[in-house]
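# Coordinate inspection notes
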Amino acid sequence: MIFLLCLLLLVGCGEESPEIYETECPRVELGEHIGYLSIEGLDRSSFAYWACIDGDCRQEKWGEYPIEVRPMGDDVLRVCCGGDGQRVDSVNVVVIK
């Protein structure tokens, strides 16, 4: 919960509202549900993410799921929504500039 509060404070301080990227991880690779996001100008450490299950995006809901977001080359993030039987519905990513 503290993470989301900090995220809102960082993102909400700018004049422009941040762009939120979403994936439902449509691909399955080695038993993991995977999505790829192409985001221009992405810095390897300038993003935050959260997940949603049945429309509920509270961390208590998704905190124990195997969610992973990691950079892959220039401007691409690999998003894992979980594995078989234990996955979230979607993962949202916001870039912090």
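These notes cover the structure that comes with them. Quick caveat: nothing in here was measured; it's all calculated off a predicted structure. (Residues numbered from 1 in each chain as written. Predicted model: local features only at pLDDT ≥ 70, side-chain atom pairs only at ≥ 80, totals over all residues. Heavy atoms only, no water.)

Inspection of every chain in the model, using the stated rule, returns five salt bridges. With a closest N to O distance of 3.1 Å, Glu32 and Arg78 form a salt bridge. Here Glu32, found in strand S3 (residues 32–38), pairs with Arg78, found in strand S6 (residues 76–83); they are 46 residues apart in sequence, far enough to count as distant. The salt bridge partner of Asp56 is Arg58, with a shortest N-O separation of 2.6 Å. Taking relative accessible area as the criterion, Asp56 reaches 17% and is therefore assigned buried. Sharing partners across several salt bridges, the network here consists of Glu32, Glu68, Arg70 and Arg78. (Salt bridge = Lys/Arg side-chain N within 4 Å of Asp/Glu carboxyl O. Helix = DSSP H or I, 4+ residues; strand = E, 2+ residues; numbered from the N terminus. Buried < 20%, exposed > 50% of the residue type's maximum accessible area, 1.4 Å probe, protein only.)

The next point concerns the sheet that holds strand S1 (residues 20–23). Strand order in the open sheet formed by three strands is S1-S8-S4, and the pairing between neighbours is antiparallel. Whereas interior strands pair on both sides, the edge strands pair on one side only; in this sheet they are S1 and strand S4 (47–52). The sheet shows a mean angle of 25 degrees between the axes of neighbouring strands, taken without regard to direction. Here S1 pairs with strand S8 (residues 90–95) via four bridges, running antiparallel. Within the sheet, the bridge partner assigned to Ile20 lies in S8 and is Val94. (Pairing = 2+ DSSP bridges. Axes fitted to C-alpha atoms, helices over the stretch in contact; angles between N-to-C directions.)

Turning next to the environment of Trp62. Within the fold, Trp62 resides in helix H2 (residues 59–62). In this structure Trp62 comes out as buried when scored by relative accessible area, which is 7%. The sequence separation of Trp62 and Arg87 amounts to 25 residues, and the corresponding C-alpha distance is 8.9 Å.

Ile39, Trp62, Val69, Leu77, Val88, Val91 and Val93 are the most contacted members of the largest nonpolar core, which totals 21 residues. Every element with two or more residues in this core is listed here: S4, S6 and S8. Looking at which element gives the most residues to this core, the answer is S4, with five residues. If we ignore the near neighbours within four places in the chain, the residues touching Ile39 are Tyr21, Asp75, Leu77, Val93 and Val95. (Core = buried A, V, L, I, M, F, W, Y, C linked by side-chain atoms within 4.5 Å. Contact = heavy atoms within 4.5 Å.)

What follows concerns the state of the cysteines. All chains considered together, the criterion is met by two disulfides. Two residues, Cys25 and Cys81, share a disulfide whose sulfurs are 1.9 Å apart. One quick way to see it: the torsion about the S-S bond of Cys25 and Cys81 is about 65 degrees, and its sign makes the bridge right-handed. Remark: Cys81 occurs in strand S6 and Cys25 occurs in the loop between S1 and strand S2 (27–29); sequence separation between them is 56 residues. Here the two residues Cys25 and Cys81 agree in accessibility, since each one is buried. The disulfide bridge from Cys52 ends at Cys57, spanning 1.9 Å between sulfur atoms. Its S-S torsion of approximately 95 degrees makes the covalent link between Cys52 and Cys57 right-handed. (Disulfide = S-S within 2.5 Å.)

Distances and angles like these do not, on their own, reveal function.
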